[in-house]
Amino acid sequence: ILDGSFTKGIIGEECTCEIELENSGEQYTDKFIHGNEIVFKMDLDAGTTVQWKGILEEIKKKSGSGFQLNLKGSHFTAALLDLTVIAEYTGTISDIWKSLVDTNLTGYTYANVETISTTVTVKWNNKPLFDCFLDLMQLGDLDAFLDDNKDFHLFPKNSKDNDTDAIVWDQNLIELKE
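Since the structure is predicted, the reported quantities are computational estimates derived from the model, not experimental observations.

### Structural notes on the sheet that holds strand β3 (residues 37-41)
Spatially, five strands are ordered β1-β2-β5-β4-β3 in an open sheet, and the strand pairing comes out antiparallel. The open sheet is flanked by β1 (3-6) and β3, the only strands paired with a single partner. Strand-to-strand, the axes of this sheet are offset by a mean angle of 35 degrees, without reference to chain direction. Across seven bridges, the pairing between strand β4 (residues 50-61) and strand β5 (residues 68-75) is antiparallel. Looking at the pairing, Ile59 lines up with Leu71 of β5.

Spelled out as structure tokens, the structure:
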């Protein structure tokens, strides 16, 4: 790997991954297929810590060099844009969220969706599933994210502290761009 970067965020942010491979021996040529799952592992030891998972969307030789291969992918959250919802619900936000997952997604879970007792009525007509989730987040003043195991997390804004991840110059922050 010559270079690699990824972004993670709450639902509403673009979460992508880009990996640049040295391919002078053509060992990676034709090894990847659009739609393959990307598992980006990185740490300061053996490189076994999963940092990001998603779906491979673009494979190309780096411009000006036949010896470098560039892979780009989107986090599993991107699949929420490809599905549209035609439905009307009255109920708690967390129950509606779970119903949307059960009705529209295979292989996704909601073990970390907190009970949100706010009752709402919503009606969607060919609305992207992604936007339905954004609507529910706005109605309940909530944040949400989809983890690398395809499990949804839904919780009130400003209710969580991050005590496990840090940004440290020259360790996981290598460069800043304007």
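### A short note on the sheet that holds strand β10 (residues 151-156)
In spatial order, the strands read β7-β10-β9; together these three strands make up an open sheet with mixed pairing. Strand pairing shows two members of the sheet lacking a second neighbour, β7 (109-113) and β9 (142-146), which therefore form its edges. Adjacent strand axes in the sheet meet at a mean angle of 20 degrees, parallel and antiparallel pairs treated alike. Here three bridges tie β7 to β10, and the two strands are oriented parallel to one another. Paired with Thr109 across the strands is Asp151, a residue of β10. Together, β7, β9 and β10 form the strand contacts of helix α1 (residues 93-104), whose direction differs from that of β7 by roughly 160 degrees.

What counts, and where the lines are drawn
Residues numbered from 1 in each chain as written. Predicted model: local features only at pLDDT ≥ 70, side-chain atom pairs only at ≥ 80, totals over all residues. Heavy atoms only, no water. Pairing = 2+ DSSP bridges. Helix = DSSP H or I, 4+ residues; strand = E, 2+ residues; numbered from the N terminus. Axes fitted to C-alpha atoms, helices over the stretch in contact; angles between N-to-C directions. Contact = heavy atoms within 4.5 Å.

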